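Take a look at the letters that make up each chain.
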Amino acid sequence: MTTTRRKTSTTTGRGAAPSRNHTPAGSGARAANPGGAEAVDPAELPVRPGEEPWTTAEVAELHAELNSELERLRDEIDAAEAALTGLMRDSNDGAGDDQVDAGTKNINRESELALANNARDMLSQTERALARLEGVGFGVCESCGQAVGKARLQAFPRATLCISCKAKQERR
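The rules behind each value
- Residues numbered from 1 in each chain as written.
- Predicted model: local features only at pLDDT ≥ 70, side-chain atom pairs only at ≥ 80, totals over all residues.
- Heavy atoms only, no water.
- Helix = DSSP H or I, 4+ residues; strand = E, 2+ residues; numbered from the N terminus.
- Buried < 20%, exposed > 50% of the residue type's maximum accessible area, 1.4 Å probe, protein only.
- Contact = heavy atoms within 4.5 Å.
- Areas by Shrake-Rupley, 256 points an atom, 1.4 Å probe, with all protein chains shown as cover.
- Salt bridge = Lys/Arg side-chain N within 4 Å of Asp/Glu carboxyl O.
- Core = buried A, V, L, I, M, F, W, Y, C linked by side-chain atoms within 4.5 Å.
- pLDDT = per-residue confidence, 0-100.
- Disulfide = S-S within 2.5 Å.

Draft legend 1. Spatial organisation of the overall build of the protein chain. Scanning the protein chain for helices and strands turns up four helices and zero strands. The N-to-C order of helical and strand elements in the protein chain reads α-α-α-α. Considering the protein chain as a whole, with its 172 residues, one finds that 35% of them fall into the buried category. Counted over contacts in the protein chain with a minimum sequence separation of 6, partners at least 24 positions apart contribute 65%. On the protein chain, roughly 10,200 Å² of surface is accessible, and the fraction owed to carbon and sulfur atoms is 50%.

Structure below.
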């Protein structure tokens, strides 16, 4: 039987998972820029050599994408928790179930737990990316300190490593 960790949070009230690297939005990490996307100076965001600098419209689009991702993930977590509540309630009602039925219920419950935990992790990463965008550190590789790259961040706004550092990490 597999066991999964159940993560809980006190940061958002929506069941977000804290992580070792998590900096919740609104926790002081954005003291430099108290507003949203309009407070971010695109000229301060790093770019790799050969890339065009960030524009205000691109920063606003990225900010809106991260905010919509937050809402989507919170809704997904709420739905997963509701499904888990139903599965937990049904698991106590297993009188007369054979081994196959009990196994199916366990697999469904473990699958829902894994999906909920994955959504919590993504929520944490998204909150952290938003806090970095509004504060300090967005677009800077956490490993080497170089620019992550505008194109990479537009494709994957939660990226915290440049391509070469990410490749090194995946080879380990």
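Draft legend 2. Local environment of the pattern of salt bridges. Under the counting rule described, the total for this entry stands at nine salt bridges. Measuring nitrogen to oxygen at the nearest pair gives 2.7 Å for the salt bridge that ties Glu69 to Arg72. On the criterion of helical spacing, the pair formed by Glu69 and Arg72 is a turn pair, its members being three residues apart in helix α1 (residues 56-91). The closest approach of N and O atoms between Glu81 and Arg120, which form a salt bridge, is 2.7 Å. Of this pair, Glu81 sits in helix α1 while Arg120 sits in helix α2 (residues 99-134); the two residues are 39 residues apart in sequence, bridging distant segments of the chain. A residue is classified by how much of its surface remains accessible, and Glu81, at 23% relative accessible area, is partly exposed. Put simply, Glu69, Arg72, Glu76 and Arg158 are held in one network by salt bridges that share partners.

Draft legend 3. Here's a closer look at the environment of Cys165. Among the structural elements, Cys165 can be located in helix α4 (residues 163-171). The exposure class assigned to Cys165 is buried, which follows from its relative accessible area of 6%. If we skip the residues at most four places from it in the chain, Cys165 touches Cys141, Ser143 and Cys144.

Draft legend 4. Expanded view of the nonpolar core. Judged by nonpolar contacts, the single largest core of 23 residues is most densely connected at Leu45, Trp54, Val59, Leu133, Phe138, Cys141 and Leu153. Among the secondary structure elements, those contributing two or more residues to this core are α1 and α2. When residues no more than four places from it in sequence are discounted, the contact partners of Leu133 are Val40, Leu45, Val59, His63, Leu66 and Phe138.

Draft legend 5. Region of interest: the environment of Phe156. Turning to its location among the elements, Phe156 is positioned in the loop between α3 (150-155) and α4. Spatially, the C-alpha atom of Phe156 lies 9.8 Å from that of Leu62, the residues being 94 residues apart in sequence.

Draft legend 6. Molecular detail of the side chain of Glu69. For Glu69, a relative accessible area of 17% puts it in the buried group. Ignoring anything within four residues of it in the chain, the contact list for Glu69 reads Met122, Thr126 and Arg158.

Draft legend 7. Fine view of the confidence of the model for the protein chain. When pLDDT is averaged across the protein chain, the result is 79; 74% of the residues are at 70 or more. Note on residues 1-34: pLDDT is under 50 here. Beyond four places in sequence and across chains, it has 63 contacts.

Draft legend 8. The state of the cysteines, seen in detail. Counting across every chain of the model gives zero disulfides. Not part of a disulfide, Cys144 finds its nearest cysteine sulfur in Cys141, a span of 3.7 Å. Free cysteine: Cys162, not disulfide-bonded; nearest cysteine sulfur from Cys165 at 3.6 Å.

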